[in-house]
Amino acid sequence: MSESKSTTDHDEIRRWVEERGGRPARVKDTGNDGDPGILRIDYPGRGDDESLEEISWDEWFEWFDKNGLAFLYQEETAEGKESRFSKLVSREAA
């Protein structure tokens, strides 16, 4: 069984995401008044790219911190392969 980890460390999150070909994104048509809305990690060519819009790491981390989020992730699958599993959770839940 593989283990999930959580972090709020910006460098660790960015490293993990970029090593897997991901980029910071938001869900289109969410948010207002400068708030980007729902944050996501986009892996181009995998999943629902049409609903996501890339944003800068600076903006993504600004709202990640403002919303009190933590990054839950998995380094490897149960089979020992590189995992892309991640999700954003409240820091209290992490």
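Here is a short report on the structure shown in this document. Keep in mind it's a predicted model, so treat the numbers as computed, not measured.

## What to know about the sheet that holds strand β1 (residues 4-7)
Then comes step 1: Taken in spatial order, the three strands line up as β1-β5-β6 in an open sheet, and their pairing is antiparallel. The open sheet has two edge strands with one neighbour each: β1 and β6 (86-90). For this sheet the average axis-to-axis angle between neighbouring strands, irrespective of direction, equals 30°.
Then comes step 2: Relative to strand β5 (residues 69-74), β1 is paired through four bridges, and the arrangement is antiparallel. Looking across to β5, one finds that T7 is bridged to F71.
Then comes step 3: Of the strands in this sheet, β1, β5 and β6 touch helix α1 (residues 10-19), which is tilted by about 40° from β5.
Then comes step 4: Along the sheet, helix α2 (residues 57-66) makes contact with β1, β5 and β6, crossing β5 at roughly 110°.

## Topic: α2
Then comes step 1: Within α2 the residues assigned to the buried category are W57, W60, F61, W63 and F64. Projection of α2 onto a plane perpendicular to its axis shows the buried side chains occupying an angular sector of 165°, all on one side. Residues D58 and K66 are exposed on α2 and point more than 90 degrees away from its buried face.
Then comes step 2: For α2, the elements touching its buried residues are β1, α1, β2 (23-27), β3 (39-42), β5 and β6.

## Structural notes on the pattern of salt bridges
Where charged atoms from two side chains of opposite charge come close, those side chains can pair.
Then comes step 1: Evaluation of the coordinates by the stated rule reveals 10 salt bridges.
Then comes step 2: The partner of E62 in a salt bridge is K66, and the shortest N-O contact between them spans 3.0 Å. Of the two residues, E62 and K66 are both situated in helix α2; the distance of four residues between them amounts to about one turn of the helix.
Then comes step 3: Residue class for E62 comes out partly exposed when judged on its relative accessible area of 37%.
Then comes step 4: In the salt-bridge network here, residues are joined through shared partners; they are R15, E19, R20 and E75.

Calculation notes
For every chain, the first residue of the written sequence is number 1, and numbering continues from 1 onward in sequence order. For a predicted model such as this one, the threshold for reporting local features is a pLDDT of at least 70, and the threshold for listing and counting side-chain atom pairs is 80 or more; totals across whole chains, interfaces and linings nevertheless cover every residue. As a convention, hydrogens and water are excluded, and side-chain values are obtained from all of the structure's heavy atoms. Any two strands with at least two DSSP bridges between them are considered paired. Counting from the N terminus, the helices are DSSP H or I runs at least four residues long and the strands are E runs at least two residues long. Inter-axis angles, ranging from 0 to 180 degrees, are taken between N-to-C directions of lines fitted to C-alpha atoms, where helices are fitted over the stretch in contact. Contacts are residue-level and defined by heavy atoms, with any inter-residue pair within 4.5 Å sufficient. Burial classes follow relative accessibility: with a 1.4 Å probe on protein chains only, a residue under 20% of its type's maximum area counts as buried, one over 50% as exposed, and anything between as partly exposed. Here the arc refers to the directions that run from the helix axis out to each C-beta atom. A pairing counts as a salt bridge when a side-chain nitrogen of Lys or Arg comes within 4 Å of a carboxyl oxygen of Asp or Glu.

Everything listed is a geometric property; what it means functionally is a separate question.
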